[in-house]
2 protein chains.
Amino acid sequence: MTEPGRYAYDGLDRLIHERARLGVLTSLIGHPKGLAFGDLRRLCDLTDGNLSRHLAALQEGGLVEVIKRFEGARPLTLCRITEAGKARYLEYLAVLEQVIRDAAEAAKAAEPLPGPLPGAGLAPV
Amino acid sequence: MTEPGRYAYDGLDRLIHERARLGVLTSLIGHPKGLAFGDLRRLCDLTDGNLSRHLAALQEGGLVEVIKRFEGARPLTLCRITEAGKARYLEYLAVLEQVIRDAAEAAKAAEPLPGPLPGAGLAPV
């Protein structure tokens, strides 16, 4: 019952697990050519400042790259997931699936019986 | 493509989303009669101090209850998920499943083609 560390979930990478960054990475994994900063901000419903901060953390970790360039005279900030970022995010998702399986199994195993059995709830003597 | 807030995941309850607390709640949902503090600590591979801190946060949010009692002369701290805690955790898990579905769909839709097409990578003129 008490297998040590059974529910420690060390694989839940803290850099990815943050709620807003989960949204950023999910958006970017679907757009391997990258997303404009404004589109990403809208998809994740973040402020400019918040998105910038989360992108900086992800960029520092090597999970995304941020490319500033010009489209004609107009500056464009393109955000893209890296190959390493994609691999780490997919690993993270596998652990997330494990959490869901564990919880589903635990909740199912713990379903209360339809009615009280005679003597149920009494400690064995 | 840029449905506002599509990947905002507001339903990822911050109280539950913290990695250690995910482990605590998953442990407790499988033991509706409660777990002794020491067993919970081992299952989640946490220090006494960390587990106490996370339990305090969960207790303040009404998700768990912590019962101190004596078994004979021996003090026992029992940790138990509340009905409200169970409901909130199951809601949280539904959003987590949505994240996984979104990411799986996005990653699949974005699969690169088997080989480069003639002219691939060139911007349209």
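What counts and how
- Residues numbered from 1 in each chain as written.
- Chains lettered and ligands numbered in written order.
- Predicted model: local features only at pLDDT ≥ 70, side-chain atom pairs only at ≥ 80, totals over all residues.
- Heavy atoms only, no water.
- Helix = DSSP H or I, 4+ residues; strand = E, 2+ residues; numbered from the N terminus.
- Buried < 20%, exposed > 50% of the residue type's maximum accessible area, 1.4 Å probe, protein only.
- Areas by Shrake-Rupley, 256 points an atom, 1.4 Å probe, with all protein chains shown as cover.
- Polar contact = N/O pair within 3.5 Å; in protein donor to acceptor, adjacent residues only side chain to side chain.
- Least-squares fit on C-alpha atoms with pLDDT ≥ 70 in both.
- Contact = heavy atoms within 4.5 Å.
- Buried area = accessible area lost by both parts, 1.4 Å probe.
- Salt bridge = Lys/Arg side-chain N within 4 Å of Asp/Glu carboxyl O.

As a further point, take the overall build of chain A. Within chain A, the secondary structure is distributed over 5 helices and 3 strands. When the elements of chain A are put in sequence order from the N terminus, they spell out α-α-β-α-α-β-β-α. Taking all 125 residues of chain A together, 43% fall into the buried category. With the model as given, the accessible surface of chain A reaches about 7100 Å², and the carbon-plus-sulfur share is 55%.

Moving on, we get to helix H2 (residues 19–29) of chain B. All names here are of chain B. Most of H2 sits out of view: 11 of its 11 residues are buried. What H2 keeps buried is the set Arg-19, Ala-20, Arg-21, Leu-22, Gly-23, Val-24, Leu-25, Thr-26, Ser-27, Leu-28 and Ile-29. A side-chain oxygen of the first residue of H2 lies 2.8 Å from the backbone nitrogen of Ala-20; this N-cap is Glu-18.

The next subject is the relation of the copies chain B and chain A. Laying chain B over chain A is done by rotating through 180 degrees and shifting 0.0 Å along the axis; what remains is an RMSD of 0.0 Å. Each copy turns onto its partner about a two-fold axis. A share of 100% of the interface residues of chain B reappears at the interface of chain A, consistent with the copies meeting face to face through the same patch.

Take the interface of chain B and chain A next. Interfaces are often described in size by the accessible area the parts lose on coming together. With 43 residues of chain B at the contact, the number on the chain A side is 43 residues. Summed over both partners, the interface of chain B with chain A buries about 3800 Å², with 66% contributed by carbon and sulfur atoms. The three residues of chain B that bury the most area against chain A are B:Tyr7, B:Arg19 and B:Leu43, which together make up 20% of that side's buried surface. Run the count over chain B and chain A and you get 2 salt bridges. Here B:Arg14 and A:Glu18 are joined by a salt bridge, their closest N and O atoms 3.5 Å apart. Our count for the contact surface shared by chain B and chain A stands at 13 residue pairs in polar contact (both at pLDDT 80 or more). Looking at the side of chain B that touches chain A, the elements with two or more residues in it are helix H1 (14–17), H2, helix H3 (37–44) and helix H5 (83–109) of chain B. For the side of chain B that touches chain A, the leading source of residues is H5(B), giving 12 residues.

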